[in-house]
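# Breakdown of the fold
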Amino acid sequence: MEISFIPLDYDSFDWQGRNYVKIVGRDEKGKRVCIIDCFQPYLWAMLKEGTSEKKAEDLRKKIEKIKIETSLRTTNVEKTELCEKNFLGKPVKAIKIFITNYKDAHPVADNLDFPEIEARREYDLNIITKYIAEKRMVPLKWCRVSGEVLNNSSEFGGIDSAIDADLCIKAEKIEECKDEIIDKRFEPKILAFDIEADELEIGKGEILMISLVGKNLKKVLTWKKCPHRLNYVECFKDEADMLEAFVNYVKKENPDMLIGYFSDGFDLPYLKARAEKNKVRLSLGIDNSQPSFARGRIPSGKIFGIVHVDLFRFIETAYSQYLQSETLGLNEVASELLGEGKREFEHKSSKQMKQEEWQEYFEYNLQDSVLTYKLAEKFWPDMLEFSKIVQEPLFEIARDSMSQMVENYIIHNLHKFSEIAEKRPLHDEIEKRREREKYEGAFVFQPQAALYENLAVFDFTSYWPSIIVTYNLSLSSFLKNREKDALEVSLGSKKAYFSKKPAFFPLMLKEVIELRKKYKQEYKKDKNPLTFARSNAYKLLANASYGYQGFFGARYYCPEASAATTAISRDFIKKIIGTINQDSYEVIYSDTDSIALKLNRHAKQEALSLLEKLNSGLPGIMELELEDFYKRGIWVTKRTGEFGAKKKYALINHESKLKIRGFETVRRDWCTLARDLQNKVLHKILQEGNEKSALELVKKTIKDLKERNIDKKDIMIRTQLKKSIAEYRAITPHVIAAQKMKEKGLPVDIGMLIEYFIAETREKKALVREKVKLPDEKGEYNIKYYLEHQIIPAVENIFNVFNINIKEVADGKQQKKLGEF
DNA sequence: GGTGCATCCTTACC
DNA sequence: ACAGGTAAGGATGCACC
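So, how was this worked out
- Residues numbered from 1 in each chain as written.
- Chains lettered and ligands numbered in written order.
- Predicted model: local features only at pLDDT ≥ 70, side-chain atom pairs only at ≥ 80, totals over all residues.
- Heavy atoms only, no water.
- Helix = DSSP H or I, 4+ residues; strand = E, 2+ residues; numbered from the N terminus.
- Rg over C-alpha atoms; globule rule 2.2 N^0.38 Å.
- Buried < 20%, exposed > 50% of the residue type's maximum accessible area, 1.4 Å probe, protein only.
- Contact = heavy atoms within 4.5 Å.
- Areas by Shrake-Rupley, 256 points an atom, 1.4 Å probe, with all protein chains shown as cover.
- Near = heavy atom within 4 Å.
- Polar contact = N/O pair within 3.5 Å; in protein donor to acceptor, adjacent residues only side chain to side chain.
- Nonpolar A, V, L, I, M, F, W, Y, C, P; charged D, E, K, R; others polar.
- Core = buried A, V, L, I, M, F, W, Y, C linked by side-chain atoms within 4.5 Å.
- Axes fitted to C-alpha atoms, helices over the stretch in contact; angles between N-to-C directions.
- Parallel < 35°, antiparallel > 145°, perpendicular 65-115°, else oblique.
- Left-handed = near helix turned anticlockwise from the far one by under 90°.
- Salt bridge = Lys/Arg side-chain N within 4 Å of Asp/Glu carboxyl O.
- Pairing = 2+ DSSP bridges.
- Disulfide = S-S within 2.5 Å.
- Expected span 1.5 Å × (residues − 1).

## Digging into the overall build of chain A
- A count of helices and strands for chain A gives 22 helices and 30 strands.
- Expected size for 821 residues packed as a compact globule is a radius of gyration near 28 Å; at 31 Å, chain A falls within 12% of this value.
- The C-alpha extent of chain A, read off along each of the three principal axes, is 100 × 85 × 50 Å.
- With 821 residues in all, chain A has 53% of them scored as buried.
- Sequence-distant contacts in chain A: of pairs separated by 6 or more residues, those separated by 24 or more amount to 67%.
- Accessible surface, chain A: about 39600 Å² in total, of which carbon and sulfur atoms supply 47%.

Below is the structure:
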């Protein structure tokens, strides 16, 4: 039988000591298919330079005798092949060692201690990664699979009868799709879920309700307060019954993906814990297996055949940089992206809840799943594109960090270069790498504080990646010693040399940048979420590639390449700044890859010609583009000293759109009062070109503050708790607030935003932390603190640009007021 | 007990 | 531990007088 197949979920299993892979996906009619495929694992032994054919042949014979016996199985070297490969760009002779079971790859590698062997590789790759790379069965890409249909077969111990799929096939041939189906849209069946429990600690309380939302499904399952008027609420006799019903609903819905928000860390482990407590099987997998949890910073809950995605984790790595939200909670993220937030609901112990409150609780629970479902629909194109581009399964894509994405992209493209993969650094190596000295980073121009008019901003497209590509900076091109025709880069007092022979990392990156360019054009022609997601995925990959080479956990770690990248970037941008200044323009600011300049007497058109001229002189794939023209811009001095502050400015373009960077307005650890005021002040000044009406606003705000007319929510300060309370060496206000919360029995976790305000105290207290109060504590806000530590600092430097001393204004007002009496 | 610098800490920019 | 360095700025810690 032959079918078209789109792979979604991958898993490996052993049968009679050998490795097999089972892949769950859909055929073109939407039927669920499970493909079983054998996998012949292997690793590499690279030979020392100059090893003779004869010695290599002798070695093969010795290697073929290696046998690993464990209580579980016996792993043999099944066969070996002598191959010509590349490693870090250099040709090597390597023996490909096929083994019975990949789980024993490490012990086999340990047995390869022959003098002819230089290094052993590829025993530390994930087996699924290796399978995908080997068989080219790329996630979310249609392929043709032919093979034998398993129907209550005894093969693999009757595995097919345990799997709830429409079709189970033992693969014989897998080919890339060449017909029209390759472009066929695939819409996954999504099921969102969310639970509510009395206690936040996993498994401590009972699960009160579970909501489920699919395309045509809206349900809240509960065993509390029944019967109920709400038609979507379904009641069960106890928690165990509800849990069983949950499993049955998932099975009936038959989704491709089960999606939650924080579900890796909360919902799924909670369900598991309560199922155990109630002695109910949580057989969510399509083979009735229970979710398994892979260890890690956050455990990852895997369900066989249904891709479990914790949407929070994907948003955190792939999308948080685009969000304005100050936290990545469901409410804020959904409000920003969907224009719809969570239901308001005041949590209290379920024992004290009245009938109407239960109704609100059910509505609240359902809404969480509704939002999760909608967000999943929104992010589906992004997960799809990342999965296709990086060639890793959705489960991994939804959880991998950007460095892992870059690394997986590399690994899945190594075959184009006949490269053997470098090993992952071990613990000791990581420790060593982390101790290395920092290298110098980007150049930041020292600005002059002023209000400027008529500006242009240029910036380099993918600046650092374009330098890596243009100058061939990578681990394989890095030279230990000077060679002729090599590129020499000065790194402080040292020098680094790079070969000019194009290396695979820059070549892959070049392709990523080119594809990004191509898909960006495509997006401009046809704006839709899919074209955007594709272009964006390439952009993020390119941007993360620079950091990857300097990251201590990277297989292709090369801090010299990172240092060279930034060194070249500094020289380059300084040179460009010099050229611009020669032309009676004036560069007023620059940070890393961007340049802000005053047009002076030049027209916009002339600035565009200048840009063209600059571009014609750029090497390789480097490219400078216009970011925008601006009507005005303001730079302020640092709080200490007369110099202009870096990374702090505000611009207004000709469509009156504001761009604010670094100011307190955009900092979440300042109170709303100060942030809003500063934002309005910047707005007025940039819009009007002078400070007059802005000054009036400040005076009014100060008056309101002194008369205690400020709303309490506007003076709350929010600061993130980055570690546990005990770990803090300096006891800052937010640590005190966290301590107070703990004493009250409120949950305090690492990563939480701690909210507090500074209150008046009876006795004079020196430290701010002695005046900290929690939002619901009684007490008046401290006028002096909010004036001197929030409002004035937020606007002081802005008015300094106009030679106005805002402190005097604040005091003057008071004097005037005194005079009125 | 105040001053001033160092250090810790968070958050931003690119 | 889960991309990098650069930078601002608040609050506390601590030596010093």
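Continuing now.
## Digging into the environment of Ile117
- Tracing the chain through its elements places Ile117 in strand β8 (residues 117–121).
- Residue class for Ile117 comes out buried when judged on its relative accessible area of 10%.
- Sequence spacing of Ile117 and Ala56 is 61 residues, and the spatial spacing of their C-alpha atoms is 9.5 Å.
- Filtering out sequence-adjacent residues up to four positions away, Ile117 remains in contact with Ala45, Met46, Leu47, Lys48, Leu59, Ile63 and Leu112.

## Focus: the protein's contact with DNA strand C
- Taken together, 30 residues sit near DNA strand C, with Gly441, Arg639, Lys648, Tyr785 and His789 positioned nearest.
- Backbone atoms, meaning sugar plus phosphate, form 90% of the atoms of DNA strand C positioned within 4 Å of the protein.
- Take Gly441: an N or O atom from its main chain is 2.8 Å from a sugar or linking oxygen of DNA strand C.
- Interatomic distance of 2.6 Å between a side-chain N/O atom of Lys648 and a phosphate oxygen of DNA strand C.
- Mapped onto the surface near DNA strand C, the elements with two or more residues apiece are α15 (529–550), β26 (644–653) and α21 (783–800).
- Classifying every residue of the surface near DNA strand C gives 13 nonpolar, six polar and 11 charged.

## With respect to the protein's contact with DNA strand B
- Neighbouring DNA strand B are 19 residues; Asp593, Tyr649, Lys723, Tyr728 and Arg729 lie closest to it.
- The sugar-phosphate portion of DNA strand B accounts for 93% of its atoms within 4 Å of the protein, the bases making up the rest.
- Separating a phosphate oxygen of DNA strand B from a side-chain N or O atom of Lys723 is a distance of 2.9 Å.
- Of all the secondary structure elements, the ones that give two or more residues to the surface near DNA strand B are β26 and β28 (717–720).
- In the surface near DNA strand B, the residues fall into four nonpolar, five polar and 10 charged.

## Quick look at the nonpolar core
- Among the nonpolar cores identified, the biggest contains 169 residues, and Ile35, Ile63, Leu311, Phe386 and Ile580 are the most heavily contacted of them.
- Here the element with the most residues in this core is helix α9 (residues 355–390); it accounts for 17 residues.
- Once you skip the residues sitting within four places of it in the chain, Ile35 turns out to touch Ile3, Phe5, Val21, Lys22, Ile23, Met137, Val145, Ile169 and Ala171.
- Among the nonpolar cores identified, the runner-up in size contains 55 residues, and Val681, Leu695, Ile736 and Ala794 belong to it.

## Considerations on the packing of helix α14 (residues 504–525) against α15
- Packing of α14 against α15 brings their axes to within 8 Å, and their N-to-C directions diverge by 150°. Considering the angle they form, α14 stands roughly antiparallel to α15. In the packing of α14 onto α15, the handedness of the crossing is left-handed. Contacts from Phe505, Leu509, Val512, Ile513, Leu515, Arg516, Tyr519, Lys520, Glu522 and Tyr523 of α14 reach α15 at Thr531, Phe532, Arg534, Ser535, Tyr538, Lys539, Leu541, Ala542, Ser545, Tyr548 and Gln549.

## Things to note about the pattern of salt bridges
- Under the defined criterion, the tally for this structure stands at 56 salt bridges.
- Between Arg144 and Glu2 there is a salt bridge; the shortest N-O distance is 2.9 Å. Of the two residues, Arg144 is situated in strand β9 (residues 143–149) and Glu2 in strand β1 (residues 2–15); the sequence distance between them amounts to 142 residues.
- The partner of Arg639 in a salt bridge is Glu664, and the shortest N-O contact between them spans 3.4 Å. Of this pair, Arg639 sits in the loop between β25 (624–637) and β26 while Glu664 is found in the loop between β27 (658–661) and α18 (672–688), placing the two residues 25 residues apart along the sequence.
- The exposure class of Glu664 is buried, given its relative accessible area of 5%.
- By sharing partners, the salt bridges in this structure join Asp14, Arg73, Lys103 and Asp104 into a single network.

## Overview of the sheet that holds strand β2 (residues 18–27)
- Read once around its circumference, the closed barrel built from five strands follows the order β1-β2-β3-β10-β9, with strand pairing classed as mixed. If you compare each strand with its neighbour and ignore which way they point, the axes differ by 45° on average.
- Bridge count between β9 and strand β10 (residues 167–176): seven bridges; the pairing is antiparallel. Bridging from a neighbouring strand, Val145 pairs with Ile174 of β10.
- Sheet strands in contact with helix α3 (residues 127–135) are β1, β2, β3 (32–38) and β10, and its direction is about 140° off that of β1.

## Observations regarding the sheet that holds strand β21 (residues 487–491)
- The three strands are arranged β20-β22-β21 in an open sheet whose pairing can be described as antiparallel. Sheet topology places β20 (478–479) and β21 at the edges, where each strand pairs with a single neighbour.
- Of the pairings in the sheet, the one linking β20 to strand β22 (residues 494–498) comprises two bridges and is antiparallel in character. Following the sheet pairing, Phe478 is matched in β22 by Phe498.

## Re the state of the cysteines
- All told, the structure shown has zero disulfides when counted by the stated rule.
- The thiol of Cys38 is not disulfide-bonded; the next cysteine sulfur, from Cys34, is found 14 Å away.

## Observations concerning the side chain of Glu357
- One can find Glu357 in helix α9.
- A relative accessible area of 17% means that Glu357 is categorised as buried.
- One polar contact links Glu357 to Lys348, side chain to side chain, over a distance of 2.9 Å.
- Setting aside its immediate chain neighbours within four residues, Glu357 contacts Phe345, Lys348 and Gln352.

## Quick look at α18
- Between its first and last C-alpha atoms α18 spans 24 Å; for 17 residues at 1.5 Å apiece the expected length is 24 Å, and the two agree.
- In this structure, the buried side of α18 is in contact with β19 (450–460), β25, β26, β27, α19 (692–706) and α21.
- Following α18 by one or two positions, Gly689 adopts a phi angle in the positive range, close to 80°.

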